[in-house]
Amino acid sequence: YIDLTNGLVERRPLNLDMAVKFLGGMGLQLRRLYELLKPGTDPFSPENPIVIGSGPLTGTGAPGTPRFLATLKYPETGAIGSGAGAMRFGFMLKLAGYDHMIITGKASKPVYLKIVDDDIEICDASYLWGSDIVETTRNLWDIHSGCGAIAIGQAGEHSGRIAQTVCDLGASLGRGGLGGIMGSKNLKALVAIGTGSIKIADPKRFNKARESLFERARKYPYHGDVIRYGIMENWPNYSAQFGYTKNRTVIPMLELIDKEVGFEAYKKLGKKAFGCPSCFIADKEIMEIPSGRFKGLKWFTPSYLNSAMLSTRLGIRDSGEAVKFGDAADRYGI
């Protein structure tokens, strides 16, 4: 439990009966928020708690289980919900010994929260305030080597209602305004490093089940295509769905869009795959623009797909500009 107003940190044991009853990070965190959140709380008030954590499989090496959740009352909708992210943060938080963290209050100046095993500290982040997400993350990586980092950009600092966060430059978290909530609390970033391990009750049975799942993934007929192209492999379906007008009867010139900013254009961009701990496809990418006025720009992204889709709405007809657009949006945290 972290109270940013008073600078207090308290550790409490996980209620195992509750953890079993509300199995998984989402269920347990929603239950905790139910206890903590008072009806009518303004999302941007210091009293709006942020609950961040993960479920029982995170940190075990089970396939596809590095994900963690942020549960809170979101400003864009006023609804209570959980946004999910991946990369290293949830994994590191678990290896540091924590299932969940509950953040309340508002710091008197910009801060970031550092968790390194038993060392939990609210650190000054004044020098980071005003920096974009890429600059902030790289700075924290330099200071805390090997950490998982969640950061906000300028949109979050100004309490943008749709501002979100980015984790380790490769995963977004908090659609609906988590970045704005962190900004309203003067919380620039979260950093976690864990050097512990997860105790498995029956390692032999667990490893057998885990390897069986990895083998099933490897045998999936389109496994190779997904590794090469990520979810852009499904571009024809996504683009058709996105192209419908309000009456869902007219599809725009998808062949031309495909060549300009879609799948065909995407395949000509520079790409280097990376993934989360225990990932079986490494579907995230570092995109690099090979030519044009943004030549050499590199963008860390879960997928080029979002930028391609929005480009069709914004009149962008160049893949380099689409990458630049995605990079700028991610840096600001919107």
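Going by the structure above, here's the rest.
Residues numbered from 1 in each chain as written. Predicted model: local features only at pLDDT ≥ 70, side-chain atom pairs only at ≥ 80, totals over all residues. Heavy atoms only, no water.

A. Examining the layout of surface pockets more closely. There is about 1300 Å³ of room inside the largest pocket. Looking at the largest pocket, it is lined by 50 residues, and the ones nearest its centre are Gln-164, Ser-172, Arg-175, Pro-302 and Asn-306. When residues of the lining of the largest pocket are traced back to their parent elements, those giving at least two are strand S5 (80-85), helix H4 (133-143), strand S11 (171-173), helix H9 (235-243), strand S15 (298-301), helix H12 (305-314) and helix H13 (319-332). If you tally residues by element for the lining of the largest pocket, the top one is H13, at six residues. Residues that form the lining of the largest pocket fall into these classes: 26 nonpolar, 14 polar and ten charged. Each pocket or cavity is described by its volume, and for the second largest pocket that value is around 530 Å³. Lining the second largest pocket are 23 residues, and of these Tyr-1, Arg-12, Pro-13, Leu-14 and His-100 lie nearest its centre. Mapped onto the lining of the second largest pocket, the elements with two or more residues apiece are helix H1 (16-21), helix H2 (25-36) and strand S6 (100-104). When its residues are assigned to classes, the lining of the second largest pocket shows 14 nonpolar, three polar and six charged. (1 Å grid on protein atoms, 1.4 Å probe; cavity = no way out; pocket = protein on both sides within 12 Å on 5 of 7 lines; lining within 4 Å. Points joined across faces, edges and corners; volume = space filled by probe spheres on them. Helix = DSSP H or I, 4+ residues; strand = E, 2+ residues; numbered from the N terminus. Nonpolar A, V, L, I, M, F, W, Y, C, P; charged D, E, K, R; others polar.)

B. Local environment of the side chain of Ser-184. Within the fold, Ser-184 resides in helix H6 (residues 178-184). A relative accessible area of 10% means that Ser-184 is categorised as buried. Those residues in contact with Ser-184 that lie beyond four places of it in its chain are Phe-44, Lys-106, Gly-156 and Ser-159. (Buried < 20%, exposed > 50% of the residue type's maximum accessible area, 1.4 Å probe, protein only. Contact = heavy atoms within 4.5 Å.)

C. Seen up close, helix H7 (residues 203-218). A rise of 1.5 Å per residue sets the reference length of H7, with its 16 residues, at 22 Å; its end C-alpha atoms lie 22 Å apart and thus fit the reference within 8%. Taken together, the buried positions of H7 are Phe-206, Phe-214 and Ala-217. With its buried residues spanning 65 degrees around the axis, H7 presents them on a single face. The outward face of H7, more than 90 degrees from its buried face, is lined by the exposed residues Lys-204, Arg-205, Lys-208 and Arg-216. Against helix H8 (223-229) lie the buried residues of H7. (Expected span 1.5 Å × (residues − 1). Arc of directions from axis to C-beta.)

D. Fine view of the sheet that holds S6. One open sheet holds the six strands; their spatial order is S2-S1-S6-S3-S4-S5, and the pairing between them is mixed. The open sheet terminates on both sides in strands that have one partner only, identified here as strand S2 (8-9) and S5. Here strand S3 (residues 50-53) runs beside S6; their pairing, made up of four bridges, is antiparallel. Opposite Gly-53, over in S6, you have His-100 as the bridge partner. Of the strands in this sheet, S3, strand S4 (68-73), S5 and S6 are in contact with H2, which crosses S4 at around 25 degrees. (Pairing = 2+ DSSP bridges. Axes fitted to C-alpha atoms, helices over the stretch in contact; angles between N-to-C directions.)

E. Representation of the environment of Asn-306 within the structure. One can find Asn-306 in helix H12. Taking the relative accessible area as the measure of exposure, Asn-306 reaches 53% and is therefore exposed. With 16 residues separating them in the primary sequence, Asn-306 and Ala-322 have C-alpha atoms 9.5 Å apart.

F. Structural context of the pattern of salt bridges. Counted under the stated rule, the structure contains 18 salt bridges. For Lys-267, the salt bridge identified is with Glu-264, shortest N-O distance 3.3 Å. Taking relative accessible area as the criterion, Glu-264 reaches 34% and is therefore assigned partly exposed. Beyond isolated ion pairs, a larger network of salt bridges with shared partners links Arg-31, Arg-32 and Glu-35. (Salt bridge = Lys/Arg side-chain N within 4 Å of Asp/Glu carboxyl O.)

G. Representation of the sheet that holds strand S8 (residues 119-124) within the structure. Reading across from one edge, S8-S7-S12-S9-S10-S11 is the order of the six strands in this open sheet, with mixed pairing throughout. Edge positions in the open sheet fall to S8 and S11, since each of these has one partner strand only. Strand-to-strand twist of the sheet, defined as the mean angle between neighbouring strand axes without regard to direction, takes the value 20 degrees. Two elements, strand S7 (residues 111-116) and S8, share six bridges in a ladder whose sense is antiparallel. Counterpart to Val-111 in the pairing with S8 is Asp-124. Packing against the sheet, H4 makes contact with S7, strand S9 (148-151), strand S10 (165-167) and strand S12 (187-193), and its axis sits at approximately 150 degrees to S9.

So yeah, pure geometry; function would need other evidence.
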